[in-house]
Amino acid sequence: MSLLGNIIWLIFGGFLSGLGYIIGGLTLCVTIVGIPFGLQTIKLGFATMTPFGKEIVEDKNANSTLTIIFNIIWILLFGWEIAISHLTHAAILAITIVGLPFAKQHIKLIPMSLLPFGRSLKEPEKIEAF
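About the thresholds
Residues numbered from 1 in each chain as written. Predicted model: local features only at pLDDT ≥ 70, side-chain atom pairs only at ≥ 80, totals over all residues. Heavy atoms only, no water. Helix = DSSP H or I, 4+ residues; strand = E, 2+ residues; numbered from the N terminus. Contact = heavy atoms within 4.5 Å. Buried < 20%, exposed > 50% of the residue type's maximum accessible area, 1.4 Å probe, protein only. Axes fitted to C-alpha atoms, helices over the stretch in contact; angles between N-to-C directions. Parallel < 35°, antiparallel > 145°, perpendicular 65-115°, else oblique. Left-handed = near helix turned anticlockwise from the far one by under 90°. Nonpolar A, V, L, I, M, F, W, Y, C, P; charged D, E, K, R; others polar.

1. Observations concerning the side chain of Asn6
Working step 1: Within the element layout of this structure, Asn6 appears in helix α1 (residues 2-28).
Working step 2: If we skip the residues at most four places from it in the chain, Asn6 touches Thr50, Pro51 and Phe52.

In structure tokens form, the structure reads like this:
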């Protein structure tokens, strides 16, 4: 199901949205000061391209002082706008029943767009039974 969801997501805007993030991230990487923010934008771009079947995972250093400072700067400069964009897209998609799974993916991307430092979108760990 996640493969089909990702294919439909890519066709109907996910590819262009992710590409926009990646191009913006590369532009931020031109300056030395923007490199950490550019890398997070590129990471967010790849996460936006295929969000189905993945969940947000918090890294070990997610609550370190430097990570918190970078997240505060991110929220003030970029994060709130990106989060409002995902929230708006989710509200529009949630109008129809067909759009609900896609609205859920936009809601999933909101915490990562607000606090990208120390978090990533990865496939969940599979627990094997005996």
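Further notes follow.
2. Quick notes on the environment of His89
Working step 1: Looking at the secondary structure, you find His89 in helix α3 (residues 65-93).
Working step 2: Between the C-alpha atom of His89 and that of Ala103, which follows or precedes it by 14 residues, the distance is 7.0 Å.

3. Here we look at the side chain of Asn71
Working step 1: Within the secondary structure layout, Asn71 lies in helix α3.
Working step 2: In this structure Asn71 comes out as buried when scored by relative accessible area, which is 5%.
Working step 3: Setting aside anything within four residues of it in sequence, one finds Asn71 in contact with Leu114, Leu115, Pro116, Phe117 and Arg119.

4. So, the packing of helix α2 (residues 35-49) against α3
Working step 1: At a closest axis distance of 11 Å, the pairing of α2 and α3 adopts a crossing angle of 45°. The angle between the axes of α2 and α3 places the two elements in the oblique class. Viewed along their axes, α2 and α3 form a crossing whose handedness is right-handed. Taken together, the residues of α3 that come into contact with α2 (itself represented by Pro36, Phe37, Gln40, Thr41 and Leu44) are Phe70, Ile73, Trp74, Phe78 and Ile82.
Working step 2: Of the residues that constitute the contact of α2 with α3, the class distribution is 8 nonpolar, 2 polar and no charged.

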